Amino acid sequence: MAESELIGMNVKKSFIMKQIVFSQLTQEEVDVLASLLVEKHFAPNDTIVTEGDYVDSVYFIVKGEVDVRHISIQEGKTHIESVATLKEGAAIGLNETGFYSVSGVRTATVCAITPVVALRLSVAAFHGFALSNAHVSAVMRKNAAKILGFSSDVEE
């Protein structure tokens, strides 16, 4: 399926501003971060992320519905346990088991239930952005400390 850019910058910015972890960014920082988002399309049953893979990106669901699953082998058979359904506005991997993961490994598989339009943020691109901006780095360190349960006395 050919992917054409249908999502404008205003929509990209609104998805960033809806995320608590980005709520302290300046408008200029939100503008730059929005420019790093890449539109992706998934058909029903497409796997968006796979449990056990490295967290290389996060996704913001613009349209559609996805199933969050744990897949295991039990008595020689594949067992799929659906643990959540995510819809428009939700983020995939922007939490303590994804973006802020200590292990850096995904803890679930996420598959499209319906056609999905998502915005992908590369973790590598984000880290480059954060390293070039002291304010962003400070905000993200503070969020990481809060999410991971470390001391809240992180310098800004």
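Everything below is about the structure printed above this text.
Residues numbered from 1 in each chain as written. Predicted model: local features only at pLDDT ≥ 70, side-chain atom pairs only at ≥ 80, totals over all residues. Heavy atoms only, no water.

Chemist: I'm lost on the sheet that holds strand β1 (residues 38-42) in this one. Help?
Modeler: Working definition: the strands of a sheet are paired by backbone hydrogen bonds and lie parallel or antiparallel to each other. Read from one edge to the other, the open sheet built from four strands follows the order β1-β8-β3-β6, with strand pairing classed as antiparallel. Looking at strand neighbours, the two that pair on one side only are β1 and β6 (91-92), the edges of this open sheet. Of the pairings in the sheet, the one linking β1 to strand β8 (residues 116-122) comprises five bridges and is antiparallel in character. When the bridges of β8 are listed, His-41 appears paired with Val-117. The strands that helix α3 (residues 123-131) touches are β3 (57-63) and β8; relative to β8, the one it contacts most, it runs at about 45°. (Pairing = 2+ DSSP bridges. Helix = DSSP H or I, 4+ residues; strand = E, 2+ residues; numbered from the N terminus. Contact = heavy atoms within 4.5 Å. Axes fitted to C-alpha atoms, helices over the stretch in contact; angles between N-to-C directions.)

Chemist: Sorry if this is basic, but what is going on with the packing of aromatic side chains here?
Modeler: By the definition in use, this model includes three aromatic pairs. Their ring planes at 75° and their centres at 6.0 Å tell us that Phe-42 and Tyr-59 sit as a pair that is edge-to-face. In this pair, Phe-42 is assigned in strand β1 and Tyr-59 in strand β3, connecting sequence segments 17 residues apart. For the pair Phe-42 and Tyr-59, a shared accessibility class is recorded, and that class is buried. In this structure, Lys-18 is placed above the aromatic ring of Phe-15, and the distance from its NZ or CZ to the ring centre is 4.7 Å. (Phe/Tyr/Trp six-rings, centres within 6.5 Å; stacked < 30°, edge-to-face > 60°. Buried < 20%, exposed > 50% of the residue type's maximum accessible area, 1.4 Å probe, protein only. Lys NZ or Arg CZ within 6 Å of the ring centre and 35° of its normal.)

Chemist: Just to check I follow, could you spell out the sheet that holds strand β5 (residues 77-87) for this structure?
Modeler: Here four strands make up an open sheet; going across it, the order is β2-β7-β4-β5 and the pairing antiparallel. Edge positions in the open sheet fall to β2 (47-49) and β5, since each of these has one partner strand only. With strand direction ignored, the average angle separating the axes of adjacent strands in the sheet is 35°. When β2 meets strand β7 (residues 109-112), the two strands line up antiparallel, connected through two bridges.

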